[in-house]
Amino acid sequence: MSRHKFFYVIALALIVALSCPLSVFAQEKVIKIGALYPMTGRAGLYGLDSVDAAEMAIEEINSKGGVNGYKLELTNTDSKAKPDYSVMVAKRYITQDKMHFLFGVVSSAVGLAVTEVSKQYKKIFIGTDHASTQLTTDKFQPYYFRVSNNTFQSMAAGALYLKELQQVKPWQTIAYIGPDYAYGHDQWEELRYNLDRFGVKYKAVGEYWPKLFAPDYTPFITSIINDKPDILVSGFWGGDTVAFIKQAQPYGLFKKTLYFHPDAGGNYELMSAMGTELPEGLVLSARHHNNWPDTALNKEYVEKFFKRTGRYPTYAAEGAYAGIYAIAEAVKKVGNPDDTEALVKALEGLKIQLPEDPEGFTSYIDPATHQVVQVQAIGVTKPNDKYPPAKMMLGDWKIYKAEDLLPPKDYADRQKKK
Amino acid sequence: MNQSSGAREIILLGLFLLVFGSVPFIKQSDYHLMLANHVLIWGMFAVAFNMLFGVTGMLSFGQALYYGLGAYSVGLVVKNYGSAMFLPALGLGLVLTIVISILVGLLVIRLSGVYFTVLTLAFGQLAWQITFRWYRFTGGDDGIQGIMPSGLLENHTVYYYFTLALVVVSIWFLWRVANSPMGLVLRCIRQNPERVRFLGRRVRRNQLRIYVISSFFAALAGGLMAGVTNSIHPDMFYWTSSGEVILMAVLGGIGQFFGPFIGATVIIVIQDVVGARTEYWSLIIGIIMMIMVLGMPKGLVGEIRGLMARYAAGKVNRG
């Protein structure tokens, strides 16, 4: 009986603790931003970095008095990277918590589900990290805006890089390895589309589709060595990139073929996880780089993030940072965070100076697709220990003009027809 | 079933209708309606699952197969033929489920215990893999979005009452099954299948029947959920969906007919309340589950019934 009583008391205490009201949003003049980042699981680091960067941007803006007398406030709920749960939270944000903006999202599947809620309730959704091109093409809806590059832009930059490379170091064969799900397949399709668009002649000699989060890549590595591609394009993200590179290195794969990974390969996460083990000469890119561009704004952003968290940011962080500034700029233009239609107009074509913008360029949101238009830089791994624990960083940059990376006008129609 | 227990069930049903029927009037926002929808649908799913697990003793770890099948039937038909096909698609999902559950059921019921559990898990995972990788047809990991019910059902409140009506009818049907002679045979199968055979009853036929019935309502839950969230995802086929429904049943009490429904309610509300406050939601849910398993082994409803019985006995003794 006493043991029962003890459990009942604990259960009761938990219920009481949980029924305490949420932090009160009663202050006046607040721009409420409801974020949905995963804080657990494989994408947890992306969520953690995004929340830290968003809060850093909010502190910067609020310390200068906010926007038109409004303070920004971010609430994040762990999306668990689950679309059905995220839909429920998004609806709570809009109908219950009266948030002004939906924000974030790492997984494209969650992004696609949340954009549907945003469309239904006519509430602006600022996408900061998910890469699926569909959101700004065939699944486009007027209340969605994305402030980081999508896979199409990365692959367009990748195709241009390969075109230039062919002129200096003629290559003929290409192969692709990527996780066997939508993100992996999209990248390969978009790269080939762009190679054809830019008139690059090539022969595809292999496609390899390991499972997402696969622990063993050995069979794929031996197949790649047998197929002897000049270029191996990779579409992994996160821990899969690390595992693949670690397992491929003893086979001497990177001496035989050029490893080319233009979407998520250049993420700082890879450099910090691999340290000195990361081979030199890999060609990588990402949506933001800690050591490019060499501008005061980028340096300040990276240093501030480091001071705040004790680690250097992954690319996801800059997307969230950009998202907060985009919201602040839009509210500044409109004067309040309540007039959604006016905010949509303000965000369309909005120009915003971001850490990833090189000298002389300002990112802007394309009014037709609501996709941010940004420069993309592709680099090669080189020794550099300025950003510990990384021992290699990217260098020998090739820069691609933002306008060259956008999908052609008929691209959305083409996708819809498929 | 005696008269007093029948009256009690009618009172319970009335109370159930009153509570859930009044949600559209007392809700503060659309979100509450959605939460109630989740509770109803998962509750029905959990009760149907428990007919298999708690009543017949068949722990299926693959009911997500039918939950996903119901959802994807609706999703794919609506995506390709428009939202006017929402209801026919729901029906199609149920018909497909009957066919597939008979075929799969004929294979899985040949095994019992942990082998049955593992085989059901394998079928569930197979369906998940196909959905996840057949990108051109199912949309792969992107899932399917924009699944809107058409006509009157487009209205959230009407859809809620539609769900409520289907859930009430389903639970009533399952309750009748549980209390029928077939229900008695199922309980006997759980306790001693050999003896049931000696008594001249067919064990496998009854197992197959309840497997099909339980799967049917799992598919109905999936189809209805597609209309609530308006988007679906291969995760619905994943073993975690099967795991979640097991957790709901265990939490509420597998020995009680309504236990799993209460379990579903508690888990959904806790996930929502805890998830809104902390990212350590899994820790809190873990602690709650630990308390439940150690302190309330009969589940919430089982323990409450136990307490009520003890209180009544105390009153008799004192009286």
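In this text, all values refer to a predicted model and were calculated from it rather than measured experimentally.

Here we look at the overall build of chain A
Here is step 1 of the chain: When you go through chain A residue by residue, the secondary structure sums to 14 helices and 15 strands.
Here is step 2 of the chain: The globule rule puts the C-alpha radius of gyration for 418 residues at 22 Å, and the 22 Å found for chain A is close to it.
Here is step 3 of the chain: Along the first, second and third principal axes, the C-alpha set of chain A runs to 65 × 60 × 45 Å.
Here is step 4 of the chain: Within the span of chain A, comprising 418 residues, buried residues form 52% of the whole.
Here is step 5 of the chain: Counting contacts in chain A only where the partners sit at least 6 residues apart, residues at least 24 apart contribute 71% of the total.

Topic: the interface of chain B and chain A
Here is step 1 of the chain: Taken together, the contacts link 33 residues of chain B with 30 residues of chain A.
Here is step 2 of the chain: Breaking the side of chain B that touches chain A down by element, the ones donating at least two residues are helix H3 (30-55), helix H6 (113-133), helix H13 (259-277) and helix H14 (281-295) of chain B.
Here is step 3 of the chain: The greatest single-element share of the side of chain B that touches chain A, amounting to six residues, is contributed by H14 of chain B.
Here is step 4 of the chain: Within the side of chain B that touches chain A, the residues separate by chemical class into 12 nonpolar, 14 polar and seven charged.

Structural notes on the sheet that holds strand S2 (residues 71-76) of chain A
All names here are of chain A.
Here is step 1 of the chain: The parallel open sheet is built from five strands, whose spatial order is S2-S1-S3-S4-S5. For this open sheet the edge positions go to S2 and strand S5 (144-146), each flanked by a neighbour on one side alone. Between one strand and the next, the sheet's axes are offset by a mean angle of 25 degrees, whatever the strand orientation.
Here is step 2 of the chain: Bridge analysis of strand S1 (residues 30-35) against S2 gives six bridges, and the strand direction is parallel. Paired with Lys32 across the two strands is Glu73, which belongs to S2.

Brief notes about the packing of H3 of chain B against helix H12 (residues 239-252) of chain B
Residues and elements named next belong to chain B.
Here is step 1 of the chain: Contact geometry for H3 and H12: axes closest at 9 Å, N-to-C directions at 80 degrees. As judged from the angle between their axes, H3 and H12 are roughly perpendicular. Two secondary-structure elements touch here, H3 through Trp42, Phe45, Ala46, Phe49, Asn50, Phe53 and Gly54 and H12 through Val245, Met248 and Ala249.
Here is step 2 of the chain: Taken together, the residues of the contact of H3 with H12 break down into eight nonpolar, two polar and no charged.

Focus: the domain arrangement of chain A
Residue and element names in this part refer to chain A.
Here is step 1 of the chain: Domains assigned within chain A are domain 1 (30-149 + 294-373) and domain 2 (152-286 + 376-417).
Here is step 2 of the chain: Between domain 1 and domain 2, the C-alpha centre-to-centre distance is 26 Å.
Here is step 3 of the chain: Contacts between the two partners involve 19 residues from domain 1, matched on the other side by 27 residues from domain 2.
Here is step 4 of the chain: Taken together, the residues of the side of domain 1 that touches domain 2 break down into nine nonpolar, seven polar and three charged.

With respect to the confidence of the model for chain A
Here is step 1 of the chain: Mean pLDDT over chain A stands at 91; residues scoring 70 or higher make up 93%.
Here is step 2 of the chain: Scored below 50 in pLDDT, residues 20-27 of chain A makes four contacts in the model with residues more than four places away or belonging to other chains.

A closer look at the sheet that holds strand S11 (residues 351-352) of chain A
Residue and element names in this part refer to chain A.
Here is step 1 of the chain: The sheet built from three strands is open, its strands ordered S11-S12-S13 with antiparallel pairing. If you trace the sheet from one side to the other, it starts and ends with S11 and strand S13 (372-373), each paired once.
Here is step 2 of the chain: Pairing of S11 with strand S12 (residues 363-365), which is carried by two bridges, proceeds in the antiparallel orientation. Bridging from a neighbouring strand, Lys351 pairs with Tyr364 of S12.

Description of unusual backbone geometry
All names here are of chain A.
Here is step 1 of the chain: In this chain, Trp292 is followed by Pro293 through a cis amide linkage whose omega measures 0 degrees.
Here is step 2 of the chain: Of note, Pro293 is situated in the loop between strand S10 (283-285) and helix H11 (296-309).
Here is step 3 of the chain: Despite not being glycine, Asn68 has its phi angle at roughly 45 degrees, a positive value.
Here is step 4 of the chain: Taking the C-beta count within 10 Å as the criterion, Asn68 has 15 such neighbours and is therefore assigned partly exposed.

Considerations on the nonpolar core
Here is step 1 of the chain: Counting residues in each nonpolar core, the largest one holds 210 residues, and the members touching the most others are Tyr321 of chain A together with Phe45 of chain B.
Here is step 2 of the chain: Among the elements that line this core, the one with the most residues is H3 of chain B, at 19 residues.
Here is step 3 of the chain: Looking at which domains feed residues into this core, each of domain 1 (30-149 + 294-373) and domain 2 (152-286 + 376-417) of chain A supplies at least three.
Here is step 4 of the chain: Once residues within four sequence positions are removed from consideration, Phe45 of chain B is found in contact with Tyr67, Phe217, Ala218, Ala221 and Val245 of chain B.

Quick notes on the rules
Residues numbered from 1 in each chain as written. Chains lettered and ligands numbered in written order. Predicted model: local features only at pLDDT ≥ 70, side-chain atom pairs only at ≥ 80, totals over all residues. Helix = DSSP H or I, 4+ residues; strand = E, 2+ residues; numbered from the N terminus. Rg over C-alpha atoms; globule rule 2.2 N^0.38 Å. Buried ≥ 20, exposed ≤ 12 C-beta atoms within 10 Å, placed from the backbone. Contact = placed C-beta atoms within 7 Å. Nonpolar A, V, L, I, M, F, W, Y, C, P; charged D, E, K, R; others polar. Pairing = 2+ DSSP bridges. Axes fitted to C-alpha atoms, helices over the stretch in contact; angles between N-to-C directions. Parallel < 35°, antiparallel > 145°, perpendicular 65-115°, else oblique. Domains from an automatic or database assignment. pLDDT = per-residue confidence, 0-100. Core = buried A, V, L, I, M, F, W, Y, C linked by C-beta atoms within 7 Å.

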